[in-house]
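Topology and contacts: notes
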Amino acid sequence: MGRDVGLDMGLAIPLETGASKSATKSGEEFSLIRNAQAGDRMAFEELVRRHDREVLRLAQSLMRSPEDARDVYQESFLRAYRNIGRFRFECSFYTWLYRIVTNVCLDAMRRRMSRPEDQAPVIGHDVTGGGDFFDRQPQISADASPEKNLLGSEIGEQIAAAMKHLSPRERMVFEMKHHHGLRLRAIGEMLGTTEETVKNSLFRATRKLRASLVEIL
Amino acid sequence: MNQKIQPLMANPPADLLDGMSGACGAMQEWLVLYAAGELDESERGEVQGHTRSCISCAALLEAEERLVELVEWAVPEMPDANLLAICRGRFSDSLDRQEQGRWVKWLKVLFGSSAFGWRPAVTAALLIIVGFVAGRMAPWQTYRERLGGVDDHMQFPAGIYTGSSSPGQASDVAAITWAPAEDNVPPNVQVRLESKEPVIVQGTVNDEKVKDALLSVLQNGADYQPDVRLQSVELLKPRCGDDDVRQAMCLVLRTDSNPAVRLKALEALRGVRATPGIQQALLQTLREDSNPGVRVEAINSLMGLVNSGAPIAAPDDVQILRDSMRTDSNNYVRLQSAAILQDLNHASGTAVAYKPER
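Residues numbered from 1 in each chain as written. Chains lettered and ligands numbered in written order. Predicted model: local features only at pLDDT ≥ 70, side-chain atom pairs only at ≥ 80, totals over all residues.

1. Some words on the interface of chain A and chain B
- Each side of the interface is counted separately: chain A has 45 residues, and chain B has 42 residues.
- Where the side of chain A that touches chain B is concerned, the elements lending two or more residues are α3 (41–63), α4 (66–83), α6 (133–136), α7 (146–163), α8 (168–178) and α10 (195–212) of chain A.
- Among the elements that take part in the side of chain A that touches chain B, α10(A) stands out by supplying ten residues, more than any other.
- A class-by-class count of the residues in the side of chain A that touches chain B yields 21 nonpolar, ten polar and 14 charged. (Contact = placed C-beta atoms within 7 Å. Helix = DSSP H or I, 4+ residues; strand = E, 2+ residues; numbered from the N terminus. Nonpolar A, V, L, I, M, F, W, Y, C, P; charged D, E, K, R; others polar.)

Below you can see the structure in the form of structure tokens.
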């Protein structure tokens, strides 16, 4: 899928978030990575299982389609598998993996933008309804009302529509910040860019969203 | 304007400044970072100080915070277990193909690629021999063995993996299928575990492994779809006499996000020997559940417990009933709460006047 991220993997990244640092340094993950680098497939699959829920969540939120998220999952972990030998413990495994995922997502988003006919339907706002029967039933509770449910879905639709005006990088930065709670510095590491550039993307994204959502802000 | 407020970016793009200049222009960046939670305490103080004295920046800050609040409506949920299982399966297949590809590459290096083109029979024979030798000699474990070992002595149909002592810990449940059986005979259940190759636990709920797999669904409800949770509750109903199943049902009743699953747990607990745990779960449901249908069933079950001789005596518990009698939005729940309180008072020799407030 698109450009090979192998070359820029394992670059020296001196700063890490506390959580990811401790995770990387935990003996268990360290030895799993070492074993995976030595060709132990089981060790690699264990690493996958530790991180794949979050990877799929990120892919799903960025791609807005389960099919595309599935492709991103597949491509990302295959790239990680092929390139794990180049991982040099200079950043956390999580950061390294997310860098691959975001590269794969960016490639896919750019391809999709160049082919508007491939636009995927937005998850969560499908009028035909996703999930099973029980999920589709309205919650009847003392503090819930049809007006409130309708309001929530309308707001969700407006936000999804506003997100479409963002460039792939702006949307990625905004979602990684506000949907996944990542620090800007960590996002910079994952995207292989500076914190300054990430801030710039966040400002642009915020400005565009404010303009698009002016009626409800 | 405090002098500490300076542009955060070395060269902020002019189009980002909304035509503002000076302190308010610099403040634009600070406001975005403030709303994003990226400023430290002293920087937040600076922003708060500035917005107290600058109406336009205060309005912008309000808009920023409102935007962040709105965006929370669109926060993605965790991917569902089925999608994850599909992804894992596909990825595992890809790894298999990659590894097969490596063998072919090595063989090409050893024997030259032309050999494969011109002598397909030799190539095929070579691959078979290599595969046979590797299969016989290499100390590899099968995936099933790694999961916990295949127990050939289990009373399950041949060829079906029965898992380790706790399948739920080895891998997640991807799907449950079962067929209704005759009266008084537990149905035969098939639990498919999420893994790279089909792994199935099969039997009736009287089999401990099947029970463990279903229990793991109830104990980790957030990881599973409501239909899987609903089926697990339904299938475990006959085993509610077991402490662990009863506790899991109480957990479902207190924490499951889906009202249909909570109702099914209530149904499963009905008729089970009264325990303090069940009583507490019912009272908590009565007090906290947002779904009136679930509260109705909870109060019915509480009535059943009281009638079967399990009194509600603790002052806090009685207070829950009083609150429910006074404030529950559902008329039936208020009436039944009052009725239980009257029964309790009759039993203790104290008269009580029923006065629901709505």
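2. Considering α3(A)
- Spanning 23 residues, α3(A) covers only 28 Å between terminal C-alpha atoms, well under the ideal 33 Å at 1.5 Å per step.
- Along α3(A), the largest kink reaches about 50° and is centred on A:His51. (Expected span 1.5 Å × (residues − 1). Bend = angle between axes of the 7 residues up to and from the residue.)

3. Thoughts on the packing of helix α9 (residues 184–191) of chain A against α10(A)
Residue and element names in this part refer to chain A.
- Here α9 crosses α10 at 105°, and the two axes come no closer than 8 Å. Our classification of the angle between α9 and α10 gives roughly perpendicular. Of α10, the residues touching α9 (which contributes Leu-184, Arg-185, Ile-187, Gly-188 and Leu-191) are Glu-195, Thr-197, Val-198, Lys-199 and Leu-202.
- Of the residues assigned to the contact of α9 with α10, the class counts are five nonpolar, two polar and three charged. (Axes fitted to C-alpha atoms, helices over the stretch in contact; angles between N-to-C directions. Parallel < 35°, antiparallel > 145°, perpendicular 65-115°, else oblique.)

4. A look at the confidence of the model for chain B
Residues and elements named next belong to chain B.
- Looking at chain B, pLDDT values average 74 and 68% of them are 70 or higher.
- Per-element mean pLDDT across chain B ranges from 40 in helix α8 (residues 167–170) up to 90 in helix α2 (residues 41–53).
- Low pLDDT (under 50) marks residues 141–171, which in the prediction has 50 contacts with non-local residues, meaning those over four places away or in another chain.
- Between residues 351–358, whose pLDDT stays under 50, and residues either more than four places distant or in other chains, the model counts 13 contacts.
- Among the prediction metrics, the complex's ipTM stands at 0.71, with pTM recorded as 0.47. (pLDDT = per-residue confidence, 0-100.)

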